[in-house]
Amino acid sequence: MNHQLIKELTTIPEMLAQIGTIRFLYPNITLEKYESFLLEMLPHNYTQIAVFENDICVGLTGCWSATKLWTGRYLEIDNFVVNPDHRSKGIGKLLTDYIEKKAMELNCSSIVLDAFTGNFGAHRFYYNQGYAPRGFHFVKILDEKKMTV
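All of these numbers come straight from a predicted model, not from anything done at the bench.

Let us now look at helix α3 (residues 31-41). Considered for burial, the residues of α3 that qualify are Tyr34, Leu38 and Met41. Seen along its axis, α3 keeps its buried residues to an arc of 60°; they face one direction. Those residues of α3 that are exposed and angled more than 90 degrees off the buried face are Glu32, Leu39 and Glu40.

In this section: the sheet that holds strand β4 (residues 72-82). Taken together, the 5 strands give an open sheet; going across it, the order is β1-β2-β3-β4-β5, and neighbouring strands pair in mixed fashion. Both outer strands of the open sheet, β1 (4-9) and β5 (110-113), are each paired with one neighbouring strand and no more. For this sheet the average axis-to-axis angle between neighbouring strands, irrespective of direction, equals 25°. One ladder, built from 6 bridges, connects β1 with strand β2 (residues 47-53); its direction is antiparallel. Paired with lysine 7 across the bridge in β2 is alanine 50.

To continue, consider the pairing of strand β3 (residues 56-68). Note: β2 against β3, 7 bridges, orientation antiparallel. Pairing of alanine 50 across the sheet is with leucine 60, part of β3.

What counts and what doesn't
Residues numbered from 1 in each chain as written. Predicted model: local features only at pLDDT ≥ 70, side-chain atom pairs only at ≥ 80, totals over all residues. Heavy atoms only, no water. Buried < 20%, exposed > 50% of the residue type's maximum accessible area, 1.4 Å probe, protein only. Helix = DSSP H or I, 4+ residues; strand = E, 2+ residues; numbered from the N terminus. Arc of directions from axis to C-beta. Pairing = 2+ DSSP bridges. Axes fitted to C-alpha atoms, helices over the stretch in contact; angles between N-to-C directions.

By themselves, these observations are geometric and do not establish any function.
Here is the structure:
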């Protein structure tokens, strides 16, 4: 029986240690780039939730809370990834359930996220977790070389 543990990662070293999991989402990200982004993100309430199975990270999501006029306080899921060898085992649901509990504890009105338009597996997963599109996230790319994907 595999033992699963959910842990909130709040420090740069804890997050950097899981770069292997992040690379399932961003295969070419360097440790230096990852660290520089995290250094900018952490002051804005960014944290990560990780699922460990036998001390190995098998799923990870970042999240942060903020406030907007239209929604009030909300929690945003960012960089949601499950190791491909461990998909369809309920790890994603463990993460979204944890996020939902966290959002309720933070008195959020909603949970938001972006999923790329062609990522139909993610769309199906989020629909099954009770998420639905409410609008379009428009992007104007100014310098593609600065982007991770």
